[in-house]
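Structure assessment
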Amino acid sequence: MILHLNKTVSLAEAQSIANELKAILIEKDEIVLVSPSKLQELPSHLKDKVTKAIAVPNDIQLASKQYLKETRKIKFPNFEIGGDSNSTLMITGPCSVETPLQIEQAAKYCVSQGVKVLRAGCYKPRTSPYSFQGLGLEGLKLLAEMREKYGLHIITEVRDSSHVDEVIAHTDIIQIGAKAMYDHGILKRCGKANKPVLLKRGFGSTLQEFVQAAEFILSGGNDQVILCERGIRTFETNTRFTLDLCGVSFLKEKTNLPIILDPSHAMGYAYGVADLARACVAMGVEGLLIESHPTPKEAWSDAAQQLNFDEFAELMASLKPVAQAVGRKLV
Ligand code: PEP
Ligand code: MN
């Protein structure tokens, strides 16, 4: 149950109510308590202490439509997503920051396409220890330079909690990768960050587990959480993963969080990315994340799925009428 406390309730009293209900206390403009969802009835002695009490059927609580009917709005200096904005945010860039030249080519390319958010990884969660692991802090600094030089927003991922503070300090949007979705150190730290977090769905996670991972961030006090579907593992092996568009419908129906889709990691091959991206935009989501690279064949990670610049430009042009057809604009 989510309880908004009356302004007259002191922090100490709120803490004692939280203890009584085994609830998490969130201190913002008002104090909000979130108890386990099995509490369905507000104890009568608390009635005059709360302004709002919302009982939800399971532990999708702060992220639920029962709590907030509208998709949460996330504001950036020159655009916003969610709420009534009807924007579909385009995010692109290479899988990894590789060299100063490569990331600058990517940054310039974003500017030429009107893309406001540059994405590239510096801490790569690879399946083999012998693959390129990312440039780490050096990569973060290059991304920060691109922000300064080209006025772009940056999104980059945190792989484990050893460098979470470094990533938070350098990025505009914190990406939590699919393999890190269950890392509670990262989730809890991001709950205290004052920046938007893009949380990717673990490829073996149910929708319930995915949204409950988001609840760790929300209940830490950070209400700027974006869900990212990036494909789940099924019996099919001809594509890298399977983009769960049914799941996207579920998330749109049941949650109040903006949704960004990542067809690149789902497909695993450049040839399918454009078709999937059009399907994603047609679903009316808040954004798309597409991997692109100046020379995909030479990429140091995820070479098979990255679009070259001509392919991305063609895709952008084809997405505009799709967005328009569903009452959205690309930003
Ligand atoms: C990535 O975004 O480059 C990445 C590693 O993705 P995921 O966490 O979805 O595998
Ligand atoms: Mn990648």
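Conventions adopted
- Residues numbered from 1 in each chain as written.
- Chains lettered and ligands numbered in written order.
- Predicted model: local features only at pLDDT ≥ 70, side-chain atom pairs only at ≥ 80, totals over all residues.
- Heavy atoms only, no water.
- Near = heavy atom within 4 Å.
- Polar contact = N/O pair within 3.5 Å; in protein donor to acceptor, adjacent residues only side chain to side chain.
- Areas by Shrake-Rupley, 256 points an atom, 1.4 Å probe, with all protein chains shown as cover.
- 1 Å grid on protein atoms, 1.4 Å probe; cavity = no way out; pocket = protein on both sides within 12 Å on 5 of 7 lines; lining within 4 Å.
- Sits in = over half its atoms within 2 Å of the grid points.
- Nonpolar A, V, L, I, M, F, W, Y, C, P; charged D, E, K, R; others polar.
- Pairing = 2+ DSSP bridges.
- Helix = DSSP H or I, 4+ residues; strand = E, 2+ residues; numbered from the N terminus.
- Axes fitted to C-alpha atoms, helices over the stretch in contact; angles between N-to-C directions.
- Donors = N, O, S within 2.8 Å, 3.2 Å for Na, K, Ca; no water.
- Expected span 1.5 Å × (residues − 1).
- Buried < 20%, exposed > 50% of the residue type's maximum accessible area, 1.4 Å probe, protein only.
- Contact = heavy atoms within 4.5 Å.
- Domains from an automatic or database assignment.
- Left-handed = near helix turned anticlockwise from the far one by under 90°.
- Arc of directions from axis to C-beta.
- Core = buried A, V, L, I, M, F, W, Y, C linked by side-chain atoms within 4.5 Å.
- Points joined across faces, edges and corners; volume = space filled by probe spheres on them.

Moving on to the site of ligand 1. Near ligand 1 you find Cys-95, Arg-119, Lys-124, Glu-157, Gln-175, Gly-177, Ala-178, Lys-200, Arg-230, His-265 and Glu-291, and these make up its full shell. Between ligand 1 and the protein, one listed contact pairs an oxygen atom with a backbone N or O atom of Ala-178 at 2.8 Å. Within the side chain of Arg-230, an N or O atom sits 2.6 Å from an oxygen atom of ligand 1. Protein burial of ligand 1: of its 300 Å² of free accessible surface, 94% is covered by the chains. In this structure the site holding ligand 1 corresponds to the largest pocket. Per-class residue counts for the shell around ligand 1 are two nonpolar, three polar and six charged.

A separate point is the sheet that holds strand S4 (residues 50–54). Across the sheet, which stays open at both edges, the four strands sit in the order S2-S3-S1-S4 with antiparallel pairing between neighbours. Looking at the sheet topology across the chains shown, the edges are occupied by strand S2 (24–27) and S4. When strand polarity is set aside, the average angle formed by the axes of neighbouring strands in this sheet is 15 degrees. When strand S1 (residues 2–5) meets S4, the two strands line up antiparallel, connected through four bridges. In the sheet register, Ile-2 faces S4, and the bridge partner there is Ile-54.

On to the coordination of the manganese ion (ligand 2). For the manganese ion (ligand 2), the full set of protein donor atoms is Cys-95 (SG), His-265 (NE2), Glu-291 (OE) and Asp-302 (OD), and the range of their distances to it is 2.0 to 2.3 Å. Within one chain, the residues serving as donors to the manganese ion (ligand 2) are arranged as C-x169-H-x25-E-x10-D. Residue His-265 is located in helix H8 (residues 263–267), and its partner Asp-302 is located in the loop between strand S14 (287–291) and helix H10 (309–325); the two are separated by 37 residues in the primary sequence.

Here the focus is H10. With 17 residues, H10 ought to run about 24 Å at 1.5 Å a step, and its terminal C-alpha atoms sit 25 Å apart, in line with that. Taken residue by residue, H10 has Phe-309, Phe-312, Leu-315, Met-316, Leu-319 and Ala-323 as its buried positions. Where H10 is buried, its residues contact strand S7 (87–93), helix H2 (100–113), helix H9 (270–282), S14 and strand S15 (329–330). Gly-327 occupies a position one or two residues after H10 and carries a positive phi of about 75 degrees.

A common way to express how large an interface is: the accessible area buried when the components associate. Parsing the protein into structural domains produces domain 1 (2–54) and domain 2 (74–330). Look at where the C-alpha atoms of domain 1 and domain 2 centre, and you get two points 35 Å apart.

On to unusual backbone geometry. Positioned with a positive phi, Asn-86 is a non-glycine residue whose angle comes to about 50 degrees. Accessibility expressed as a relative area gives 37% for Asn-86, which makes it partly exposed.

So, about the packing of H2 against helix H3 (residues 137–150). Where H2 contacts H3, the two axes come as close as 10 Å, and the packing angle between them is 35 degrees. Of the two possible hands of crossing, H2 and H3 adopt the one that is right-handed. Side by side, H2 and H3 meet where Pro-100, Ile-103, Glu-104, Ala-107, Lys-108 and Val-111 of the first sit next to Leu-142, Leu-143, Met-146, Lys-149 and Tyr-150 of the second. Broken down by class, the residue content of the contact of H2 with H3 amounts to eight nonpolar, no polar and three charged.

For helix H7 (residues 245–254), the set of buried residues is Gly-247, Val-248 and Leu-251. Looking straight down H7, one finds that the buried residues subtend no more than 105 degrees of arc, so they occupy a single side. Turned more than 90 degrees away from the buried face of H7 sit Cys-246 and Glu-253, all of them exposed. Residues of H7 that are buried make contact with helix H6 (207–218), strand S12 (225–229) and strand S13 (259–261). The distance from a side-chain oxygen at the start of H7 to the backbone nitrogen of Cys-246 is 3.4 Å, and the residue carrying that oxygen is Asp-244.

The biggest cluster of nonpolar side chains holds 76 residues, and the ones touching the most others in it are Met-90, Ile-103, Leu-118, Ile-176, Leu-199, Leu-288 and Ile-290. A per-element tally of this core places H6 first, with seven residues. In terms of domain composition, this core takes at least three residues from each of domain 1 (2–54) and domain 2 (74–330). Phe-79, Ile-91, Leu-198 and Ile-260 belong to the second-largest nonpolar core, a separate cluster that totals 15 residues.

A few words on the environment of Asp-165. If you trace the backbone, Asp-165 turns up in helix H4 (residues 164–170). The partly exposed category is assigned to Asp-165, whose relative accessible area is 44%. Residues Asp-165 and Thr-8, spaced 157 residues apart in sequence, show a C-alpha to C-alpha distance of 35 Å.

Approximately 420 Å³ is the volume attributed to the largest pocket. As for the largest pocket, its lining consists of 20 residues, of which Pro-125, Lys-179, Arg-230, Arg-240 and His-265 are closest to the centre. Residue composition of the lining of the largest pocket, by class: five nonpolar, four polar and 11 charged. Volume-wise, the second largest pocket comes out at about 350 Å³. Lining the second largest pocket we find 14 residues, and of these Ile-24, Val-34, Glu-215, Phe-216 and Ser-219 sit closest to its centre. Taken together, the residues of the lining of the second largest pocket break down into four nonpolar, five polar and five charged. Counting contributing residues, the lining of the second largest pocket receives three or more from each of domain 1 (2–54) and domain 2 (74–330).

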